[in-house]
Amino acid sequence: MRMRYTAFTALMASAALVLAACGGDDADEEAGDVEASEFEEGTTMAQLAEAGEITIGTKFDQPLFGLQAPSGEPVGFDIEIAKIIASELGIGSDGIEWRETTSANREEFLKGGQVDMVVATYTINDERKQEVDFAGPYYNAGQSILVLEDNDEIGGPEDLAGKDVCTVEGSTPAQNMRDNYPEANLDLTDTYSNCLEPLRQGQVDALTTDNVILSGFIDQNPDEFKLVGEPFTEEPYGVGVPKGDDEFRSFINDVLEESFDDGRWLEAWEKTAGEVLETPDTPEVDRY
Ligand code: GLU
């Protein structure tokens, strides 16, 4: 009896320490109540749960979705989605290593094992599926155009002919511009935030990428920029996983669907992108 009492006291003390270390009351910062043995031996889920650690690729410069806070920790909807998935592996915030991925290196990072998964405004498409696999989508965005507030020359992609347009190498918007609007002069860089100063200075006429990324920049820089026209592509955001890891992909699809149904997806949205953007319907997961 005495033994049990002591063990119980020790357990309570360590639980208090863990709570103090978390320093917050956010349920999503805590690991879900998951044992590695719940997963089939040899699967990615079992390995990650056993290690208690996961490395996740995300963007660090995109307000609302993935933005590095002064603390060094990223914040945004992608981050919350990633935390929901990690927590279902029994991994809390402390066990997540965030690695910055750019648009151009996501496939390489997944293939090279630098990251276990990528949650980074990452459009699911057939070309990328040759190299990696995707769970999701968990959100549907669309390509749009950002210009200075007082620009009244550009109203849509057809007005970009002969204009200097900044976007990011390795992104679907860059590819779409090459394929469908070849008369625009593309100015390519590696992160979207690199386009903001040239846009301010008039060195480029527009920045094009997904509407929600651009909305984040508008929110961050009030009265400077505006979106023009309607979104002109479909950009379903998926969670990138190494090619052929069907069990991991299927596990993530299950977690996403559960989060759509039990309110965690909505909660994640409302405390991040939802502070600025309208709440969308939950998308249909594509279990290809
Ligand atoms: N969603 C698009 C893509 O995956 C644009 C945003 C980005 O570059 O991350 O390429």
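What you see is a predicted model; the values in this text were computed from it and never measured.

S.K.: Can you tell me about the pairing of strand β8 (residues 143–148), naming the residues and giving the values?
M.R.: Buried residues dominate β8, accounting for five of its six residues. Here β8 pairs with strand β11 (residues 206–210) via four bridges, running antiparallel. Directly across from Ile 145, in β11, lies its bridge partner Thr 208. Relative to strand β12 (residues 225–228), β8 is paired through four bridges, and the arrangement is antiparallel.

S.K.: Can you explain the packing of aromatic side chains? Please cite residues and give values.
M.R.: As enumerated under the stated definition, the model contains 17 aromatic pairs in all. Each ring, one from Phe 77 and one from Trp 265, has its centre 6.0 Å from the other, and the planes form 80°; the classification is edge-to-face. Here Phe 77 is found in helix α3 (residues 77–87), whereas its partner Trp 265 is found in helix α10 (residues 264–270), with 188 residues between them in sequence. The exposure class of Phe 77 is buried, given its relative accessible area of 0%. Using a relative accessible area of 2% as the deciding quantity, one classes Trp 265 as buried. Judged by centre distance (6.5 Å) and plane angle (10°), the rings of Phe 248 and Phe 251 are stacked. Separated by three residues within a single helix, Phe 248 and Phe 251 lie in helix α9 (residues 246–262), roughly one turn from each other. The residues Phe 248 and Phe 251 share a single accessibility class, namely buried.

S.K.: Lay out the packing of helix α2 (residues 44–51) against α9 with the relevant residues and their values.
M.R.: Where α2 meets α9, the axes come as close as 8 Å, and the angle between the chain directions of the two elements is 75°. As summarised for this structure, α2 and α9 are arranged roughly perpendicular, according to the angle between their axes. Across the interface between the two elements, Thr 44, Met 45 and Leu 48 of α2 pack against Glu 247, Phe 248 and Phe 251 of α9.

S.K.: Give a detailed account of the state of the cysteines, specifying residues and quantitative values.
M.R.: Inspection of every chain in the model, using the stated rule, returns one disulfide. Bridging Cys 166 to Cys 195, the disulfide has an S-S length of 2.1 Å. Judged by the sign of its S-S torsion, about -75°, the bond between Cys 166 and Cys 195 is left-handed. With a gap of 29 residues between them, Cys 166 in strand β9 (residues 164–168) and Cys 195 in the loop between β10 (185–189) and α7 (196–200) connect regions that are remote in the sequence.

S.K.: Pulling in residues and values, what's your account of the sheet that holds strand β4 (residues 74–75)?
M.R.: With respect to topology, three strands assemble into an open sheet ordered β2-β3-β4, the strand pairing being antiparallel. Looking at the sheet topology across the chains shown, the edges are occupied by β2 (61–62) and β4. Bridging between β2 and strand β3 (residues 66–68) involves two bridges; their strand directions are antiparallel. Each residue of the ladder has a partner; that of Asp 61, found in β3, is Leu 67.

S.K.: Any chance you could break down the sheet that holds β12 for me, citing the residues and the numbers?
M.R.: Here five strands make up an open sheet; going across it, the order is β10-β9-β11-β8-β12 and the pairing mixed. Either end of the sheet is taken by a strand with one partner, and the two such strands are β10 and β12. In this sheet, neighbouring strand axes are inclined to one another by 35° on average, regardless of whether the strands run parallel or antiparallel. Strands in contact with helix α6 (residues 172–180) are β8, β9, β10 and β11; relative to β10, the strand with the most contacts, it is inclined by about 160°. Lying over the sheet, helix α8 (residues 211–220) contacts β8, β11 and β12, oriented at roughly 125° with respect to β11.

Reading guide: rules and limits
- Residue indices follow the written sequence of each chain, beginning from 1 at its first position.
- Totals for whole chains, interfaces and linings use all residues, but because this is a predicted model, local features are given only for residues with pLDDT of at least 70 and pairs of side-chain atoms are given and counted only at 80 or more.
- Only hydrogens and water are removed before side-chain values are computed, so all heavy atoms of the structure are retained for them.
- For the exposure calls, accessible area comes from a 1.4 Å probe over protein chains only, and a residue counts as buried if that area is under 20% of its type's maximum, exposed if over 50%, partly exposed in between.
- In this text, helices come from DSSP runs of H or I with a minimum length of four residues, and strands from runs of E with a minimum of two, each type numbered from the N-terminal end.
- One requirement defines pairing of two strands: DSSP has to find at least two bridges between them.
- For this analysis, a ring pair means two rings from Phe, Tyr or Trp (six-membered ring only for Trp) whose centres lie within 6.5 Å, classed as stacked if their planes differ by under 30 degrees, edge-to-face if by over 60, and tilted for the remaining angles.
- Comment: axis = line fitted to C-alpha atoms, over the contacting stretch for helices; angle = value between 0 and 180 degrees taken between N-to-C directions.
- Any angle that falls under 35 degrees is termed roughly parallel, while one over 145 is termed roughly antiparallel, one within 65 to 115 roughly perpendicular, and all others oblique.
- In this analysis, two residues are considered to be in contact whenever any of their non-hydrogen atoms come within 4.5 Å of each other.
- The rule for a disulfide is simple: a pair of cysteine sulfur atoms within 2.5 Å.

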